[in-house]
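Geometric and topological summary
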Amino acid sequence: MRLLAPGPARGRGRGRRAGAPRCGLSPPWSPAWICCWALAGCRAAWAGDLPSSSGRPLPPCLEKDYHFEYTECDSSGSRWRVAIPNSAVDCSGLPDPVRGKECTFSCASGEYLEMKNQVCSKCGEGTYSLGSGIKFDEWDELPAGFSNVATFMDTVVGPSDSRPDGCNNSSWVPRGNYIESNRDDCTVSLIYAVHLKKSGYVFFEYQYVDNNIFFEFFVMLKSGTNILYWRTTGILMGSKAVKPVLVKNITIEGVAYTSECFPCKPGTFSNKPGSFICQVCPRNTYSEKGAKECIKCEEESQFSEEGSSECMERPPCTTKDYFQIHTPCDEEGKTQIMYKWIEPKICREDVTDAIRLPPSGEKKDCPPCNPGFYNNGSSSCHPCPPGTFSDGTKECRPCPAGMEPALGFEYKWWNVLPGNMKTSCFNVGNSKCDGMNGWEVAGDHIQSGAGGSDNDYLILNLHIPGFKPPTSMTGAMGSELGRITFVFETLCSADCVLYFMVDINRKSTNVVESWGGTKEKQAYTHIIFKNATFTFTWAFQRTNQGQDNRRFINDMVKIYSITATNAVDGVASSCRACALGSEQSGSSCVPCPPGHYIEKETNQCKECPPDTYLSIHQVYGKEACIPCGPGSRSTQDHSVCYSDCFFHHEKENQSLHYDFSNLSSVGSLMNGPSFTSKGTKYFHFFNISLCGHEGKKMALCTNNITDFTVKEMVAGSDDYTNLVGAYVCQSTIIPSESKGFRAALSSQSIILADTFLGVTVETTLQNINIKEDMFPLPPSQIPDVHFFYKSSTTTTSCVNGRSTAVKMRCNPTKPGAGMISVPSKCPAGTCDGCTFYFLWESAEACPLCTEHDFHEIEGACKRGFQETLYVWNEPKWCIKGISLPEKKLSTCETVDFWLKVGAGVGAFTAVLLVALTCYFWKKNRKLEYKYSKLVMTTNSKECELPAADSCAIMEGEDNEEEVVYSNKQSLLGKLKSLATKEKEDHFESVQLKSSRSPNI
């Protein structure tokens, strides 16, 4: 298969196929030949070759009454030539069959096989032949043999062909010189079946500009028949329509012999015998079918485009038919405004209501040269010599000591097109704009030109051989090498689109960004990450619909300035400080080592402090060293900040240490499925590189829409822009069963995060905020840890770039890599398309275990020994860290010893109680005596005994009274008496000696 990239192409001709064999090829005595001969006999009888039923003899056949055809080839590769009567012809005497040419025989291009003599002859003038090929270059309608097949899918909402928005109306559409693919997300195949007689090839030209459509061409072999497929599938994840694939000039070689030459189609001619292609008629000429030459149109009143079949009347001239340009500056510093007709001029000035070309020659002051250029008294601007600089208005001067030129390009004055830029016009459907300037300079801006039609691509290219930081910036080893910025606006009344495309090392051009409709004046910046040859392309299309008349010629795009920094062959508009060697004088600069800035006082190189990274935009002064974010550290060369996957947090006098190293490899999330309006199932696939590898971004996303694999891209060249590396990236995946692809389709890969900002338990960092209700609350008091990232790439919807926050949550029930999820409110991971949020739950996100995460359990004392066990607190909210201590064995006293101690204490207590009882009993007896004595003395009124001062026995007082017991009780009886004293009255008679005389 031979494919041509999009580009101007010419050549037309009606789709033809050489004469096809009708009967099977076998020797005349074989059964197959008998069948074929019988068929020929039937045809002859129908044509009147056999005697008619009326009995009248038929006239003999003339050469005009029949034609020759070959039978099908047999197993030996032989075939026969047989005569077949033409329809509605009655004759007799057809020529006998003869052995034909071998099956692989074919004539050369420009020749045909003359069947009567079976020899090759040259085609005449006005005709052409491909020999053994067929060609399709006229697409006013679908040529015979082609068919459209739309794929219908069964989805969750039912078969798509039963819905109003199904694929019934999706097909490839003929557009005259080319055929256009479908624009929706149906899968539509353009199919052509061909039987090859020998080895051949397929050649076609195509335009494929939109990565939002999947285009593939393949061949299926079936029973010797080659089935050719051109298949497209739109990938519509939003409301934006895709750009269709355009195909034209399909040529298939090796199909069969050619028994006739084909006339040239209208608008083409062939002026010599043996032509294999017809030439296109030039402008202002036309031709009819089978023309040997082109006929000129009437010059004054008619015109025609290339390849026209007729001439058209010239319309009156209008303001849309001319444009203005500025001439180069003259020696006086003046430029002239010139008005020119749009070429080719098709309008008339000599008719009513026609306008004339405004007068040219008005002089105006020339704008200054662009920065880095100077005219030096001449009429043109020249770049400043190496080592010098200029702002465009002054002469080029060398940089002062300790400074160097800041190389690059800054185009803001557009009097002439810069030398490293070119412009062109392209349209695969026609060649009207070939050779035209797609853009025109206009003083303070450059704008899109007129083109040949409204659906032309007006192209502006800027070529830069490479990017390299200046000497003073070599110490900043960041990923950014340079950047290109342009300021533009679009003024449109239709569906115009401006594309910005990048080609690296002249391998493939990829659309970076596009803008549709009218856009206000704005700036866009694209960052360069590697040193390579770049071609930047701006392509403007007024409308995607092909039209015969010009309706949107006033729709345009204006680019006011284009700035490229650190260009290898750039010029300098200013100087920047550089480092000087310790023993060096003059203005010569020396590169600082990686991670070093230039000290202002001494212009010497000095290393940045720890945990800071060196700015890639300026290295002068200590402020060029930017502190890293929380929880991050800088690389050894201070190029970037990164996380080493370890994090420390103090909480309520407790230190929490996290180790995310087991999650540092790429984590993935397949989110979905989702469905488009046509039923296409797709997923959002995210890759997350949490910590990377010392600043190296490990997450990879790829576009295999051109049917490449990641392995092929990595092995081939790292320039392949469809492979993106980042901390977080996203791809759209269409499974193979959704569209019948041979493999899953990955497209629309974008970088969500390429810069690490920091890690913290706080929910806000650098304007990135994780709202409390975005994710479910954590089940424990362990704080979540948040990783914050951003992307340096800006888009039309995300003017500040994209950002990403990853919430790490401790979940012991999810071991290993755990599970990644997105907010339920934002099923695509983002609610605004710019900030993405992820929740990563894993046991590996738990803090490291400490002594606070376990407790001890003491066992029983056995045989003088006791075991102490250590167990984790439940639930366990930690991982790794310290291990559980081993069980501890200690000595202890047994129960027998304590029993003995208890018995001894009990016996001692019993003896003490008995002694106390005896003591208090004796004291009580004495008290009872004194009390009795006191009572008796008080009750004796006749006696004049003195009152007792006390019933107690005073110290030193002896009981001189003699006590006589009338009833003497034993010790046991006394105790019983004391115990029952409150229950019954008991009196004791005591006889006392009287102090009176016996006489009384």
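What you see is a predicted model, and the numbers here were worked out from it, not measured in a lab.

1. Topic: the overall build of the chain
- A count of helical and extended segments in the chain gives 5 helices and 68 strands.
- When the 1000 residues of the chain are sorted by exposure, 44% land in the buried category.
- In the chain, 65% of the contacts between residues at least 6 apart in sequence involve partners at least 24 apart.
- Carbon and sulfur atoms provide 53% of the accessible area of the chain, an area that totals close to 52400 Å².

2. Thoughts on the sheet that holds strand β66 (residues 854–858)
- Taken together, 3 strands build an open sheet; the order of strands is β66-β67-β68 and the sheet is antiparallel. Here the strands that pair on one side only, and so sit at the sheet edges, are β66 and β68 (888–891). Taking the axes of each pair of neighbouring strands and ignoring which way they run, one obtains an average angle of 25 degrees across the sheet.
- Bridge analysis of β66 against strand β67 (residues 865–872) gives 5 bridges, and the strand direction is antiparallel. Looking across to β67, one finds that glutamate 856 is bridged to tyrosine 870.

3. Section: the nonpolar core
- One finds Phe536 and Trp538 to be the most contacted residues of the largest nonpolar core, which totals 41 residues.
- In this structure, phenylalanine 536 is in contact with Leu460, Asn461, Leu462, Ile464, Phe467, Ile484, Phe500, Met501, Val502, His526 and Ile528, ignoring residues within four places of it in sequence.
- Core analysis: the next-biggest nonpolar cluster, separate from the first, contains 35 residues, Phe787, Tyr789, Phe838 and Ile879 among them.

4. Things to note about empty space enclosed by the protein
- Applying the stated rule across the entire model yields 3 cavities of 30 Å³ or more.
- There is about 100 Å³ of room inside the largest cavity.
- Taken together, Tyr178, Glu180, Gln207, Lys243, Pro244, Leu246, Asn427, Asn455, Tyr457, Gln541 and Asn544 form the lining of the largest cavity.
- Partitioned by chemical class, the residues of the lining of the largest cavity number 4 nonpolar, 5 polar and 2 charged.

5. Re the environment of glutamate 332
- Take glutamate 332: it is sitting in the loop between β26 (322–326) and β27 (334–341).
- In this structure the C-alpha to C-alpha distance between glutamate 332 and aspartate 365, which are 33 residues apart in sequence, comes to 8.7 Å.

6. Some remarks on the sheet that holds strand β37 (residues 457–464)
- Here we have 5 strands laid out as an open sheet, ordered β34-β37-β42-β39-β40, and antiparallel in their pairing. Sheet topology places β34 (421–426) and β40 (509–516) at the edges, where each strand pairs with a single neighbour. This sheet shows a mean twist of 20 degrees between the axes of neighbouring strands, independent of strand direction.
- As paired strands, β34 and β37 are joined by 6 bridges and run antiparallel to one another. Bridge pairing in β37 links phenylalanine 426 to tyrosine 457.

7. Quick word on the pairing of strand β6 (residues 119–122)
- Sheet topology places strand β5 (residues 111–114) next to β6; 4 bridges connect them, and they run antiparallel. Paired with glutamate 111 across the strands is lysine 122, a residue of β6.
- The loop that links β5 with its antiparallel partner β6 comprises 4 residues; one of these, glutamine 118, has a positive phi angle of about 55 degrees.

8. Examining a nonpolar patch on the surface
- A cluster of nonpolar residues, Phe908, Leu912, Leu913, Leu916, Tyr919 and Phe920, forms a patch on the protein surface that exposes about 660 Å² of accessible area.
- Looking at the element boundaries, leucine 912 is found in helix α4 (residues 895–939).

9. Topic: the side chain of serine 390
- Mapped onto the secondary structure, serine 390 falls in the loop between β31 (388–389) and β32 (397–398).
- Among the polar contacts made by the side chain of serine 390, one reaches the main-chain carbonyl oxygen of lysine 394 at a distance of 2.6 Å.
- Look past the residues within four positions of serine 390 in its chain and what remains in contact with it is Pro371, Gly372, Phe373, Tyr374, Cys384, Glu395, Cys396, Ala572 and Ser573.

10. Side note on unusual backbone geometry
- Cis geometry is adopted by the peptide bond preceding proline 875, which originates at glutamate 874 and carries an omega value of -10 degrees.
- In this fold, proline 875 is placed in the loop between β67 and β68.
- For alanine 88, which is not glycine, the phi torsion reads 65 degrees and is therefore positive.
- Checked against the element boundaries, alanine 88 lands in the loop between β3 (80–85) and β4 (98–99).
- Of note in this structure, histidine 638 is not a glycine but carries a positive phi near 55 degrees.
- Relative to the helices and strands, histidine 638 resides in the loop between β49 (633–634) and β50 (641–642).

11. Focus: the state of the cysteines
- Evaluation of the coordinates by the stated rule reveals 19 disulfides.
- A sulfur-sulfur separation of 2.0 Å characterises the disulfide bridge that pairs cysteine 317 with cysteine 347. Across the disulfide from cysteine 317 to cysteine 347, rotation about the S-S bond amounts to roughly 85 degrees, and the bridge is consequently right-handed. In this pair, cysteine 317 is assigned in the loop between β25 (312–313) and β26 and cysteine 347 in the loop between β27 and β28 (362–365), connecting sequence segments 30 residues apart. Cysteine 347 matches cysteine 317 in its accessibility class, with the two residues each being buried.
- The residue that forms a disulfide with cysteine 608 is cysteine 625, at a sulfur-sulfur distance of 1.9 Å. One disulfide, between cysteine 608 and cysteine 625, carries an S-S torsion of -75 degrees and so falls in the left-handed class. Placement of cysteine 608 in the loop between β46 (605–607) and β47 (612–614) and of cysteine 625 in strand β48 (residues 625–627) is noted, with a sequence separation of 17 residues between them.
- The exposure class of cysteine 625 is buried, given its relative accessible area of 8%.

12. Examining the packing of aromatic side chains
- Counted according to the given criterion, the structure contains 45 aromatic pairs.
- Aromatic side chains phenylalanine 204 and tryptophan 230 sit 5.7 Å apart centroid to centroid with 80 degrees between the ring planes, which places their arrangement in the edge-to-face category. Of the two residues, phenylalanine 204 sits in strand β15 (residues 201–207) while tryptophan 230 sits in strand β17 (residues 225–234), which places them 26 residues apart along the sequence. Of the two residues examined, phenylalanine 204 and tryptophan 230, each falls in the buried class.
- Ring plane angle 90 degrees and centroid distance 5.5 Å describe the contact between phenylalanine 486 and tryptophan 538, whose orientation is recorded as edge-to-face. Pair noted here: phenylalanine 486 is in strand β38 (residues 482–491) and tryptophan 538 is in strand β42 (residues 534–541), with a separation of 52 residues, a long-range link.

13. A few points about the pairing of strand β51 (residues 646–651)
- Bridge analysis of β51 against strand β52 (residues 654–659) gives 6 bridges, and the strand direction is antiparallel. In the strand pairing of β52, phenylalanine 646 is matched with aspartate 659.
- Two successive antiparallel strands, β51 and β52, enclose a turn made up of 2 residues, where glutamate 652 displays a positive phi of approximately 50 degrees.

14. Some remarks on the side chain of threonine 830
- When you line up the elements, threonine 830 lands in the loop between β64 (819–821) and β65 (835–842).
- Separated by 3.1 Å, the side chains of threonine 830 and aspartate 832 make a polar contact.
- Non-local contacts of threonine 830, meaning those with residues more than four positions away in its chain, are made with Thr835 and Phe836.

15. Brief notes about the pattern of salt bridges
- One pass over the full model with this rule turns up 16 salt bridges.
- Among the ionic pairs, aspartate 350 bridges to arginine 348, the shortest N-O distance being 3.0 Å.

16. Some thoughts on the confidence of the model for the chain
- Of all residues in the chain, 79% attain a pLDDT of 70 or more, and the chain-wide mean is 77.
- For residues 153–164, every residue scores under 50 in pLDDT, and the model assigns this stretch 24 contacts once sequence neighbours within four places are set aside.

17. Structural notes on the environment of glycine 595
- Locating glycine 595 in the fold gives a position in the loop between β44 (571–577) and β45 (596–598).
- What makes glycine 595 buried here is its relative accessible area of 0%.
- The spacing of glycine 595 and cysteine 605 is 10 residues in sequence and 9.4 Å in space, taken between C-alpha atoms.

18. Focus on a negative patch on the surface
- Taken together, Glu298, Glu299, Glu300 and Glu313 make up a surface patch of like negative charges.
- Note that glutamate 313 resides in strand β25.

How each quantity is defined
- Residues numbered from 1 in each chain as written.
- Predicted model: local features only at pLDDT ≥ 70, side-chain atom pairs only at ≥ 80, totals over all residues.
- Heavy atoms only, no water.
- Helix = DSSP H or I, 4+ residues; strand = E, 2+ residues; numbered from the N terminus.
- Buried < 20%, exposed > 50% of the residue type's maximum accessible area, 1.4 Å probe, protein only.
- Contact = heavy atoms within 4.5 Å.
- Areas by Shrake-Rupley, 256 points an atom, 1.4 Å probe, with all protein chains shown as cover.
- Pairing = 2+ DSSP bridges.
- Axes fitted to C-alpha atoms, helices over the stretch in contact; angles between N-to-C directions.
- Core = buried A, V, L, I, M, F, W, Y, C linked by side-chain atoms within 4.5 Å.
- 1 Å grid on protein atoms, 1.4 Å probe; cavity = no way out; pocket = protein on both sides within 12 Å on 5 of 7 lines; lining within 4 Å.
- Points joined across faces, edges and corners; volume = space filled by probe spheres on them.
- Nonpolar A, V, L, I, M, F, W, Y, C, P; charged D, E, K, R; others polar.
- Patch = residues over 30% accessible without salt bridge, like charges linked within 9 Å, V, L, I, M, F, W, Y side chains within 5 Å.
- Salt bridge = Lys/Arg side-chain N within 4 Å of Asp/Glu carboxyl O.
- Polar contact = N/O pair within 3.5 Å; in protein donor to acceptor, adjacent residues only side chain to side chain.
- Disulfide = S-S within 2.5 Å.
- Phe/Tyr/Trp six-rings, centres within 6.5 Å; stacked < 30°, edge-to-face > 60°.
- pLDDT = per-residue confidence, 0-100.
- Lys, Arg positive; Asp, Glu negative; His and termini not counted.
- Charge placed at Lys NZ, Arg CZ, Asp CG, Glu CD.

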